[in-house]
Amino acid sequence: MNEMYEMSIVTHYYSVVGVLIVILMNFFMLYKAIKIPTYQRQMSLFTPIGLIPLGGVIFTGIVMMAAKHLDFTIENIVMIVFSLCLIILEVKRVKTLKYLRSDLEQYKKYAVKLLSIEMFLTVSISAWMLF
């Protein structure tokens, strides 16, 4: 049981790094976007792939909670809330992009705001867990 818990901690860490990389890639793709249909196509391919690290974080968190006999600490509850916030922010960003027909610059401002919040949430919970 201890080996599973230790492996989950390492996998959890790398999944969080993966989430940060996905957010940075989203910033980069948004910065490079020129045409709406091209960007929508890129995001329709990248979004499912980009959510794999978030799924990894959630799955490894579940494994660690099971290894600790479902011990709900304040840290676990905060991580669950932050995961839900990240999912909601991604849904809002992708849903807005789905129906976007004009004004890419306005969408870029909106998406940068949402991605910045996602980055802040991820970095803040990571910093809190390290200290």
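Residues numbered from 1 in each chain as written. Predicted model: local features only at pLDDT ≥ 70, side-chain atom pairs only at ≥ 80, totals over all residues. Heavy atoms only, no water.

Student: Quick question: what am I supposed to make of the nonpolar core here?
Tutor: Considering soluble globular proteins, one finds that nonpolar side chains tend to be buried as a cluster. Counting 24 residues, the largest nonpolar core has Leu-30, Tyr-39, Met-43, Leu-97, Leu-100, Leu-104 and Tyr-107 as the members making the most contacts within it. Listed by contribution, the elements that provide at least two residues to this core are helix H1 (2–32), helix H2 (36–50), helix H3 (52–67), helix H4 (74–98) and helix H5 (104–130). Ranked by residue count, the leading element in this core is H5, at seven residues. (Core = buried A, V, L, I, M, F, W, Y, C linked by side-chain atoms within 4.5 Å. Buried < 20%, exposed > 50% of the residue type's maximum accessible area, 1.4 Å probe, protein only. Helix = DSSP H or I, 4+ residues; strand = E, 2+ residues; numbered from the N terminus.)

Student: Before we go on, may I ask you to explain the packing of H4 against H5 in this structure?
Tutor: Angle between the axes and distance between the axes are the two parameters that describe a pair of packed helices. Contact pair H4 / H5: the axes reach a minimum separation of 10 Å and the direction vectors enclose 165 degrees. When the axes of H4 and H5 are compared, the pair comes out roughly antiparallel. Considering only the axes of H4 and H5, their crossing is left-handed. Partitioned by chemical class, the residues of the contact of H4 with H5 number 18 nonpolar, three polar and five charged. (Axes fitted to C-alpha atoms, helices over the stretch in contact; angles between N-to-C directions. Parallel < 35°, antiparallel > 145°, perpendicular 65-115°, else oblique. Left-handed = near helix turned anticlockwise from the far one by under 90°. Nonpolar A, V, L, I, M, F, W, Y, C, P; charged D, E, K, R; others polar.)

Student: Teacher, can you tell me more about the pattern of salt bridges here?
Tutor: Should the charged atoms of two oppositely charged side chains come close, the side chains can pair. As enumerated under the stated definition, the model contains two salt bridges in all. The shortest N-O distance in the salt bridge between Arg-93 and Glu-90 comes to 2.9 Å. Of this pair, Arg-93 and Glu-90 both sit in helix H4, three residues apart, roughly one helical turn. Its relative accessible area of 1% is what places Arg-93 among the buried residues. Residues Glu-105 and Lys-108 are paired through a salt bridge, measuring 3.8 Å at the closest nitrogen-oxygen approach. Separated by three residues within a single helix, Glu-105 and Lys-108 lie in helix H5, roughly one turn from each other. (Salt bridge = Lys/Arg side-chain N within 4 Å of Asp/Glu carboxyl O.)

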